[in-house]
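Listed below are the residues making up each chain.
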Amino acid sequence: MSEVEVKKTQESLQDRLAQVVELLQRQRVVEDLTHRQEGPHHDRVENLVHRQNLVELQRKLDDLHSADVAYILEALPLDDRLTLWQLVKADRDGDILLEVSDSVRETLIADMDDHELLAAAKDMDADELADLASELPRDVVHELMETLDGQQRERVRSALSYDEEQVGALMDFEMVTIREDVSLEVVLRYLRRLKELPGHTDKLFVVDYDGVLKGVLPIKRLLVNDPDKKVADVMASDPVSFHPDEDAYDAAQAFERYDLISAPVVDKNGKLIGRLTIDEMVDLIREESENEVLNMAGLREEEDIFASVWKSLRNRWSWLAVNLVTAFVASRVIGLFEGSIEKLVALAALMPIVAGIGGNSGNQTITMIVRAMALDQVSTGNTSRLMRKELAVGLINGVVWGGVIGVVAYLLYGSWSLGVVMTAAMTLNLLLAALMGVLIPMTLARLGRDPAMGASVMITAMTDSGGFFIFLGLATIFLL
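Residues numbered from 1 in each chain as written. Predicted model: local features only at pLDDT ≥ 70, side-chain atom pairs only at ≥ 80, totals over all residues. Heavy atoms only, no water.

1. Remarks on the packing of helix H3 (residues 66–74) against helix H4 (residues 78–87)
Between H3 and H4, the shortest axis-to-axis distance is 9 Å and the interhelical angle comes to 155°. As judged from the angle between their axes, H3 and H4 are roughly antiparallel. Here H3 contributes Ile72, Leu73 and Glu74 to the contact with H4, which in turn contributes Arg81, Leu84 and Trp85. Considered class by class, the residues forming the contact of H3 with H4 number four nonpolar, no polar and two charged. (Axes fitted to C-alpha atoms, helices over the stretch in contact; angles between N-to-C directions. Helix = DSSP H or I, 4+ residues; strand = E, 2+ residues; numbered from the N terminus. Parallel < 35°, antiparallel > 145°, perpendicular 65-115°, else oblique. Contact = heavy atoms within 4.5 Å. Nonpolar A, V, L, I, M, F, W, Y, C, P; charged D, E, K, R; others polar.)

Written out as structure tokens, the structure reads:
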């Protein structure tokens, strides 16, 4: 899809969201008016108007893809979201539940009874059931498992046995397998007998009679080669494959690196047990990116933008408390130099510049380091070189931009010594920012924590306190 087509799709989706919001607002207005009016046909009029609005809303929903309905549900306040959710046809509930974010899915599931949940989950594949099982009531999961056949039940249990960050939790069990000793013509006839191919089927998996993976047959090779050729002569015998206990994010990077659409998952004996598909990898990369942004801001989990005040408070309070402590420390650092600030008022005007530039520089360094760590580009062998490089960048930036602000300070206050102090403080604080920008994520990773967790909060605290101390300390020593 081209950029223009993507833009048109997005604009169309925004238009439809606006139309849904307008219909919901119109329904509320009309209901309010009919409530105020009294008459012999009041109830009939109110019911008719209510039905007309609901029918129009339902027609809008029926025209939308499940992912688009999920987008609209996420963009609505809770009351409107649940009103719209009740209008979704039952046979689409499962698809939409899989598309919405975890926090929004929680509100939708809470509005459904056990019968509705069972109906929504009955047509899901094993991997989809495994994704949803952790959020369903236990009795619903138990009843759902009893409705599955033996193979499906075993597949769901297998997917649930892995952590959500492992390949086994994301693998799909729907795939097409063939033998290597048959001709391409036989394979083509076999495919024609199938009702449909599993989604994202770009290759067929070649296995022996024990189910051991021997290679893959890309669909394009199947179509362009002579039908009389054997599968063994055409297949790729060294495909990229994964084990179920591998890290899912490493698999996602491999998908990006090798431009994969699907890939086999094999056990320790080489037996084919499932496959990974590009849609799961894209979702994983998007979720990882969102979590990284949230973690850098100190948020513990994804938050429904229309969540209750209490839920939002629980998600945000911890790092605000840390921020409060660090802000208090910074204020005490300033308090140590109250006498200096009283004697030279210019210090009060200039010290936020040193702290602010240090915080920005530190955040740049942390962003680069966290990204490099996510891509496995940081190792014990290159840590010292990385540290030297970031310190060199901090030093040059400090001298250049510190010199600029030093000249500005001289022009404003007529004191060359104040300009020199400003330059020195800026340089030292940028060196501190570079040092902390490397050490903070690496220390968090060594402690087994997410390197991005609260990193921006910590670096800001360090550069604020450090910047105030360095600038006011130098000013006290050399100016006063």
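2. Quick notes on the UniProt feature "domain: CBS" (unreviewed entry) in the protein chain
The feature "domain: CBS" (unreviewed entry), as given by UniProt, occupies residues 171–234 and 235–293 in the numbering adopted here. Counting secondary structure, residues 171–234 comes out at 31% helix and 20% strand; the distance between its end C-alpha atoms is 26 Å. Helix and strand shares over residues 235–293 are 46% and 19% respectively, and the end C-alpha atoms of the span are 42 Å apart. (UniProt positions renumbered as here; feature names shortened; annotations may be inferred.)

3. Some words on empty space enclosed by the protein
Per the stated rule, a full pass over the model turns up one cavity of 30 Å³ or more. When contributions to the lining of the largest cavity are tallied by element, the ones reaching two or more residues are helix H8 (126–133), helix H9 (138–147) and helix H10 (150–160). Considering every element that reaches the lining of the largest cavity, the biggest residue donor is H9, with three residues. Looking at the lining of the largest cavity residue by residue, the class counts come to eight nonpolar, no polar and no charged. (1 Å grid on protein atoms, 1.4 Å probe; cavity = no way out; pocket = protein on both sides within 12 Å on 5 of 7 lines; lining within 4 Å. Points joined across faces, edges and corners; volume = space filled by probe spheres on them.)

4. Quick look at the UniProt feature "transmembrane region" (unreviewed entry) in the protein chain
According to UniProt, the feature "transmembrane region" (unreviewed entry) maps to residues 317–337, 349–370, 391–413, 419–440 and 452–479 in the numbering used here. Helix makes up 100% of residues 349–370 and strand 0%, with an end-to-end C-alpha separation of 33 Å. Taken end to end, residues 419–440 is 100% helix and 0% strand, and its two terminal C-alpha atoms sit 31 Å from one another.

5. Here we look at the environment of Arg446
Mapped onto the elements of the fold, Arg446 is located in helix H21 (residues 416–446). What makes Arg446 exposed here is its relative accessible area of 75%. (Buried < 20%, exposed > 50% of the residue type's maximum accessible area, 1.4 Å probe, protein only.)

6. Description of the packing of aromatic side chains
One pass over the structure, following the stated rule, counts two aromatic pairs. Between the aromatic rings of Phe337 and Phe469, the centroid separation amounts to 6.0 Å while the plane-to-plane angle is 70°, which identifies the pairing as edge-to-face. Pair noted here: Phe337 is in the loop between helix H17 (309–335) and helix H18 (338–343) and Phe469 is in helix H22 (residues 455–478), with a separation of 132 residues, a long-range link. A cation over a ring is seen here: Arg179 above Tyr209, with NZ or CZ 4.6 Å from the ring centre. (Phe/Tyr/Trp six-rings, centres within 6.5 Å; stacked < 30°, edge-to-face > 60°. Lys NZ or Arg CZ within 6 Å of the ring centre and 35° of its normal.)

7. Structural notes on the pairing of strand E3 (residues 213–218)
With five of its six residues buried, E3 lies for the most part within the structure. Bridge count between strand E2 (residues 203–207) and E3: five bridges; the pairing is antiparallel. Directly across from Val207, in E3, lies its bridge partner Leu213. Count of turn residues in the E2/E3 antiparallel hairpin: five residues, of which Gly211 carries a positive phi of about 85°. (Pairing = 2+ DSSP bridges.)

8. Some thoughts on the side chain of Ser340
Structurally, Ser340 is set in helix H18. Under the relative-accessibility criterion, Ser340 is labelled buried at 8%. The contacts of Ser340, once residues within four sequence positions are left out, are Leu347, Thr476 and Leu480.

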